[in-house]
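# Analysis of the macromolecular model
Next come the chains, spelled out residue by residue.
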Amino acid sequence: MKSNLKKLAVSSIFIALSTILSELIPSISLPFGGSITVLSMVPVCLIGIMFGVKWGICSGLVYGVIQMFFGFGNFAYATGFIAVLTIALFDYVVAYGVLGLSGVFMKVVKNRAVAALLGVILCCFLRFVCHFITGVTVWREIVSTWGAIWYSITYNASYMLPEIITTPLGVFLLIKTKALNSLISKA
């Protein structure tokens with residue numbers, strides 16, 4: 001019970017920190033959704049690393065719902081029910097839920113920093129795939145299927161590539177600090 005309470009408290013603080021980093025600190029926002037943020041995924045990824053995949057995915061799902069409330073304007077691009085559902089699931093709920101997979105290699109790879117790095121790279125790539133799926137679903141009704149595929153790749157890469165580079169680097173550097181490494185060991 002005490003352990004779950006600690007996980008809940010830390011997760012709540014980290015989800016709040018991710019929200020602050022993504023919504024309150026100035027970032028580069030793109031016109032049709034998506035933005036380059038200041039390491040906003042790092043705290044949610046740390047939850048998966050510290051407390052495991054299940055706890056991390058649940059935390060990521062909560063964070064995704066919070067992000068959906070901040071991004072309601074993105075639903076304006078939906079041309080039908082399937083597009084609305086795809087945006088809700090693949091731009092928010094699933095896209096941020098996959099961040100909890102950051103801890104997937106923690107029991108497999110002996111070096112914790114490398115395990116965390118690999119997990120976060122996987123999470124970032126899966127988040128890109130989620131946004132790609134949404135882009136193709138939403139834009140294929142407006143442009144050809146191939147046009148939607150290329151548009152989705154380039155548009156989503158324009159903001160996810162910086163995130164794919166900075167998030168693993170941020171987690172890796174934090175994992176190398178003694179304080180966070182100690183916290184992860186105690187989790």
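Scoring rules and cut-offs
Residues numbered from 1 in each chain as written. Predicted model: local features only at pLDDT ≥ 70, side-chain atom pairs only at ≥ 80, totals over all residues. Heavy atoms only, no water. Axes fitted to C-alpha atoms, helices over the stretch in contact; angles between N-to-C directions. Helix = DSSP H or I, 4+ residues; strand = E, 2+ residues; numbered from the N terminus. Left-handed = near helix turned anticlockwise from the far one by under 90°. Contact = heavy atoms within 4.5 Å. Nonpolar A, V, L, I, M, F, W, Y, C, P; charged D, E, K, R; others polar. pLDDT = per-residue confidence, 0-100. Buried < 20%, exposed > 50% of the residue type's maximum accessible area, 1.4 Å probe, protein only. Phe/Tyr/Trp six-rings, centres within 6.5 Å; stacked < 30°, edge-to-face > 60°.

### Quick notes on the packing of helix α1 (residues 2–24) against helix α3 (residues 53–70)
The interhelical angle for the contact between α1 and α3, taken along N-to-C directions, is 35°, at an axis separation of 10 Å. Two packed elements cross with a definite hand, and for α1 against α3 that hand is right-handed. Contact with α1, carried on its side by Asn4, Lys7, Leu8, Ser11, Ile15, Ser18, Thr19, Ser22 and Glu23, involves Trp55, Ser59, Val62, Tyr63, Ile66, Gln67 and Phe70 of α3 and no other residues of that element. Of the residues belonging to the contact of α1 with α3, the class tally is seven nonpolar, seven polar and two charged.

### A few points about the confidence of the model for the protein
Summary statistics for the protein give a mean pLDDT of 90 and a share of 94% for residues scoring 70 or more. The secondary structure element of the protein with the lowest average pLDDT is helix α7 (residues 178–186), at 64, and the one with the highest is α3, at 97.

### What to know about the environment of Ile175
One can find Ile175 in helix α6 (residues 145–175). C-alpha separation for the pair Ile175 and Arg112, spaced 63 residues apart in sequence, amounts to 7.7 Å.

### Brief notes about unusual backbone geometry
Phi at Leu39 takes a positive value of approximately 55°, unusual for a residue other than glycine. The topology assignment puts Leu39 in the loop between β2 (35–36) and α2 (42–51).

### A word on α2
Every α-helix carries 3.6 residues per turn, so stepping three or four residues along brings you back to the same face. Of all 10 residues in α2, 10 are buried, a share of seventy percent or more. For α2, every residue scored as buried is listed here: Val42, Pro43, Val44, Cys45, Leu46, Ile47, Gly48, Ile49, Met50 and Phe51. Just downstream of α2 lies Gly52, where phi reads positive at about 100°.

### Quick word on the packing of α3 against helix α4 (residues 81–97)
With their axes 6 Å apart at the nearest point, α3 and α4 run at an angle of 145° to one another. Seen from above, α3 lies across α4 with right-handed handedness. Residues Ile57, Gly60, Leu61, Tyr63, Gly64, Val65, Gln67 and Met68 of α3 lie in contact with α4, whose contacting residues are Ala88, Tyr92, Val93, Tyr96 and Gly97. Broken down by class, the residue content of the contact of α3 with α4 amounts to nine nonpolar, four polar and no charged.

### Considering the packing of aromatic side chains
Counting across every chain of the model gives eight aromatic pairs. When the ring of Phe69 is compared with that of Phe72, the centres are 5.8 Å apart and the planes differ by 70°; the resulting orientation is edge-to-face. Using a relative accessible area of 49% as the deciding quantity, one classes Phe72 as partly exposed. Seen in terms of ring centroids, Tyr151 and Tyr155 are 5.6 Å apart; in terms of plane orientation they differ by 20°. Their pairing is stacked.

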